[in-house]
Amino acid sequence: VLLGDPRRVRVGGLEVRHLGSSQRRRHGELLRVVAATPTARVVVVGLGPAGPELTNDLTRAAITRSANRYLRTRQHPSSGLVEGATSFDEVYDRADTFDDVYAEITDRLVGAAQQFGEILYAVPGSPLVLERTVRGLLDDERVRNAYLGE
């Protein structure tokens, strides 16, 4: 039920609204999809250019708030800030091409966001500089948004 209105519910990531009898006659349906907006959310943070001393407070706060953490790679001096994170280092080790790497990481992140509702994804440096996985998330319609918190 959305906003306390029993005529509005969320089903499979879609907002659905019950139509009144006059609307049913006009539209010929009992339910109408109001918005096909996914509910999954990915919070993307940048770990900065070097060690933990250069990681900003917004990033640290986002990491602390998130229970479901993902890390593009542990091969970064600030990766230790993202305790308990799932890393994608093994994807780099076994994939044939970088296109395969980024596609798989994006798919796995979207799947996790759909499962948990919201996840954190930490990347080296800035999320907006040369991050193909972030671009993939921004372009993917399965996630509501990819909030860039640096």
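The shown structure was predicted, so the numbers you read here are calculated from the model rather than taken from an experiment. (Residues numbered from 1 in each chain as written. Predicted model: local features only at pLDDT ≥ 70, side-chain atom pairs only at ≥ 80, totals over all residues. Heavy atoms only, no water.)

Draft legend 1. Local environment of the side chain of H76. Structurally, the position occupied by H76 is in the loop between β5 (69-71) and β6 (86-87). Note on H76: relative accessible area 11%, which makes it buried. In terms of polar contacts, H76 uses its side chain to reach the backbone carbonyl oxygen of G48, at 2.9 Å. Beyond its immediate stretch of four places on either side in the chain, H76 contacts L47, G48, P49, A50, P124 and G125. (Helix = DSSP H or I, 4+ residues; strand = E, 2+ residues; numbered from the N terminus. Buried < 20%, exposed > 50% of the residue type's maximum accessible area, 1.4 Å probe, protein only. Polar contact = N/O pair within 3.5 Å; in protein donor to acceptor, adjacent residues only side chain to side chain. Contact = heavy atoms within 4.5 Å.)

Draft legend 2. Broad picture of the packing of helix α4 (residues 98-116) against helix α5 (residues 132-139). Between α4 and α5, the least distance of the axes is 9 Å, while the angle of their chain directions is 50°. Classified by the interaxial angle, the pair formed by α4 and α5 is oblique. In the packing of α4 onto α5, the handedness of the crossing is right-handed. Residues F98, D99, Y102, I105, T106, L109 and V110 of α4 lie in contact with α5, whose contacting residues are R132, T133, G136 and L137. (Axes fitted to C-alpha atoms, helices over the stretch in contact; angles between N-to-C directions. Parallel < 35°, antiparallel > 145°, perpendicular 65-115°, else oblique. Left-handed = near helix turned anticlockwise from the far one by under 90°.)

Draft legend 3. View of the packing of aromatic side chains. Evaluation of the coordinates by the stated rule reveals five aromatic pairs. Relative to F98, the ring of Y92 lies with its centre 6.5 Å away and its plane at 65°, an arrangement referred to as edge-to-face. The exposure class of Y92 is partly exposed, given its relative accessible area of 24%. On the basis of an interplanar angle of 80° and a centroid distance of 6.4 Å, the ring pair of Y92 and Y102 is categorised as edge-to-face. Taken together, the residues Y92 in helix α3 (residues 89-94) and Y102 in helix α4 connect sequence positions ten residues apart. Here the aromatic residues Y70, F88 and Y121 are joined through ring pairs into a cluster of three or more. (Phe/Tyr/Trp six-rings, centres within 6.5 Å; stacked < 30°, edge-to-face > 60°.)

Draft legend 4. Examining a nonpolar patch on the surface more closely. Together, L128, V129 and L130 make up an exposed nonpolar region whose accessible area comes to about 360 Å². Residue placement: L130 occurs in the loop between β7 (118-123) and α5. L130 sits in the exposed class, given a relative accessible area of 83%. (Patch = residues over 30% accessible without salt bridge, like charges linked within 9 Å, V, L, I, M, F, W, Y side chains within 5 Å. Areas by Shrake-Rupley, 256 points an atom, 1.4 Å probe, with all protein chains shown as cover. Salt bridge = Lys/Arg side-chain N within 4 Å of Asp/Glu carboxyl O.)

Draft legend 5. Spotlight on the nonpolar core. Within the largest apolar cluster, 19 residues are counted, with the highest numbers of intra-cluster contacts made by V42, L109 and Y121. At the level of secondary structure, the elements contributing two or more residues to this core comprise β4 (41-46), α4, β7 and α5. In terms of residue count, α4 provides more of this core than any other element does, seven residues in total. In terms of nonpolar packing, the next biggest core, distinct from the first, is built from ten residues, V45, L47, A85 and L120 among them. (Core = buried A, V, L, I, M, F, W, Y, C linked by side-chain atoms within 4.5 Å.)

Draft legend 6. Region of interest: the pairing of β7. Counting buried residues along β7, five of its six residues qualify, which places the element largely inside the surrounding structure. Pairing geometry for β4 and β7, over six bridges, is parallel. If you follow V45 over to β7, its bridge partner there is A122. Where β5 meets β7, three bridges bridge the pair, whose relative direction is parallel. By the bridge assignment for β7, L71 is matched with A122. (Pairing = 2+ DSSP bridges.)

Draft legend 7. Just the pattern of salt bridges, in detail. Applying the stated criterion to the full structure yields ten salt bridges. Residue D139 pairs with R135 through a salt bridge whose shortest N-O separation is 3.4 Å. Here D139 and its partner R135 are both found in helix α5, four residues apart, which amounts to about one turn of the helix. The shortest N-O distance in the salt bridge between D140 and R142 comes to 2.7 Å. Connected through salt bridges with shared partners, the residues E90, R94, E104 and R108 form a single ionic network.

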